[in-house]
Amino acid sequence: MEIPREIRGLLEALMKLPGIGEKTAEDILHTLLTHTELRQELHARLGDLQGMGVCGVCGAWSRDNPCTFCTDPARENRLLVVPLPRDVWLFERTGYRGRYHVLGGLLSPLEGISAEDLRLESLRHRLISTSWREVILALGATFEADTTAAFLREYLQEHGVEVPLTRLGVGLPVGKTLDRLDLDTLREALINRKPLDSEEM
Ligand SMILES: [Zn+2]
């Protein structure tokens, strides 16, 4: 039997989502066909994403530019440097209430991510134009995270940028990216942050 074109199109689109294989895509499709209200809700919610972009200052997902993380005067004068926009939400859930800088990834020769792909210029600009109480590197516990932290330290030194740099503390399971850590571990690592010193890198 021939599958209608619209159905096939939706199945193919669903399978582009992470973790969705053919079977799950079919399950979702049948749920959507059965539940009209859910379909309408999803349609509306997806529409809400129109106009979402990234903040030109910190790089977090936002409709406003600059975003509220950047403009809220009540936020602490600390800067948390994270790899991806989604990591910002992660730290908001830990109770952190400072500001953010999204790097746009981690250095990875395997994935072809080099220094030019990271938001370094804007980081440097922010570090010299504001006197930060602390700059926290929250990059995860992977090889790429360590490489990127070491690179950042050198990059800032080379450019004569002096800031109190710290990194997340012990307790981070080795090999994990931020989004694979549970909230308690993350909160603990944030509380137990330590100075980023050279011997450990
Ligand atoms: Zn922002």
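Look up a bit, the structure's there.
The numbers attached to residues start from 1 for each chain and follow its sequence in the written order. Whole-chain, interface and lining totals are the exception, using all residues; otherwise, since this is a predicted model, local features are given only for residues with pLDDT of at least 70 and side-chain atom pairs are given and counted only at 80 or more. Side-chain numbers come from the whole structure's heavy atoms, not from hydrogens or water.

Caption draft 1: Highlighting the overall build of the protein chain. Counting from the N terminus, the helices are the DSSP runs of H or I reaching at least four residues and the strands are the DSSP runs of E reaching at least two. Per the secondary structure count, the protein chain includes 8 helices and 7 strands. Taken along its principal axes, the extent of the C-alpha atoms in the protein chain is 65 × 35 × 35 Å. Burial status follows relative accessibility: with a 1.4 Å probe on protein chains alone, a residue under 20% of its type maximum counts as buried, one over 50% as exposed, and anything between as partly exposed. Within the protein chain, the proportion of its 201 residues that are buried is 38%. Each accessible area is a Shrake-Rupley estimate made with a 1.4 Å probe; only the visible protein chains count as cover when residues are assessed. By element, 54% of the accessible surface of the protein chain is carried by carbon and sulfur atoms, the whole surface being about 12200 Å².

Caption draft 2: Molecular detail of the environment of L14. Within the secondary structure, L14 is located in helix α1 (residues 5-14). C-alpha separation for the pair L14 and L29, spaced 15 residues apart in sequence, amounts to 8.5 Å. Each residue touching L14, except ones within four places of it in the same chain, is listed here: I20, A25, I28 and L29. Two residues form a contact once any of their heavy atoms are found within 4.5 Å.

Caption draft 3: View of the pattern of salt bridges. Criterion for a salt bridge: a side-chain nitrogen of Lys or Arg within 4 Å of a carboxyl oxygen of Asp or Glu. Overall, the coordinates contain 14 salt bridges when judged by the stated rule. Among the ionic pairs, D48 bridges to R45, the shortest N-O distance being 3.3 Å. In this pair, D48 and R45 are both assigned in helix α3 (residues 36-48), 3 residues apart and thus about one turn of the helix distant. R167 is paired through a salt bridge with D146; the nearest N and O atoms lie 3.2 Å apart. Within this pair, whereas R167 is found in strand β6 (residues 165-167), its partner D146 is found in helix α7 (residues 143-158), the two being separated by 21 residues in sequence. For D146, a relative accessible area of 36% corresponds to the partly exposed category.

Caption draft 4: Highlighting the coordination of the zinc ion. The protein atoms donating to the zinc ion are C55 (SG), C58 (SG), C67 (SG) and C70 (SG), with metal-donor distances spanning 2.3 Å. In the primary sequence, the donor residues of the zinc ion line up as C-x2-C-x8-C-x2-C. Of this pair, C58 sits in the loop between β1 (53-54) and β2 (61-62) while C70 sits in helix α4 (residues 68-71), and the two are 12 residues apart along the sequence. C58 gets classed as buried once you look at its relative accessible area, which sits at 0%. Judged by relative accessible area, which is 16%, C70 ranks as buried. Donor selection uses N, O and S atoms within 2.8 Å of the metal (3.2 Å for Na, K and Ca). Since no water is included, sites may look incomplete.

Caption draft 5: A look at the pairing of strand β4 (residues 99-102). Neither face of β4 is open: one carries R99 and H101, the other Y100 and V102, and all of them are buried. Handedness of the crossover joining strand β3 (residues 78-82) and β4 through helix α5 (residues 85-94): right-handed. A clockwise course of the path from the first strand over the helix to the second, judged with the strands pointing away from the viewer, identifies a crossover as right-handed.

Caption draft 6: Main features of the sheet that holds β4. Only when DSSP finds a minimum of two bridges between them are two strands counted as paired. Spatially, 5 strands are ordered β4-β3-β5-β6-β7 in an open sheet, and the strand pairing comes out mixed. The strands lining the two open edges of the sheet, one partner per strand, are β4 and β7 (194-195). Two strands pair when backbone bridges link them, and β3 and β4 are joined in this way by 4 bridges, in the parallel orientation. By the bridge assignment for β4, L80 is matched with Y100. Lying over the sheet, helix α6 (residues 120-129) contacts β3, β4 and β5 (134-137), oriented at roughly 150 degrees with respect to β4. Here the axes come from fitting lines to C-alpha atoms, over the contacting stretch only for helices, and the angles between their N-to-C directions go from 0 to 180 degrees.

Caption draft 7: The packing of α5 against helix α8 (residues 183-191), seen in detail. The N-to-C vectors of α5 and α8 enclose an angle of 80 degrees; their axes lie 9 Å apart at closest approach. The pairing of α5 with α8 is recorded here as roughly perpendicular in orientation. In this structure, α5 contributes L90, F91, R93 and T94 to the contact, and α8 contributes L183, L186, R187 and L190. Within the contact of α5 with α8, the residues separate by chemical class into 5 nonpolar, 1 polar and 2 charged. Every angle not falling under 35 degrees, over 145, or within 65 to 115 is termed oblique; those three ranges are roughly parallel, roughly antiparallel and roughly perpendicular. Note on residue classes: Ala, Val, Leu, Ile, Met, Phe, Trp, Tyr, Cys and Pro are nonpolar, Asp, Glu, Lys and Arg are charged, and everything else, Gly too, is polar.

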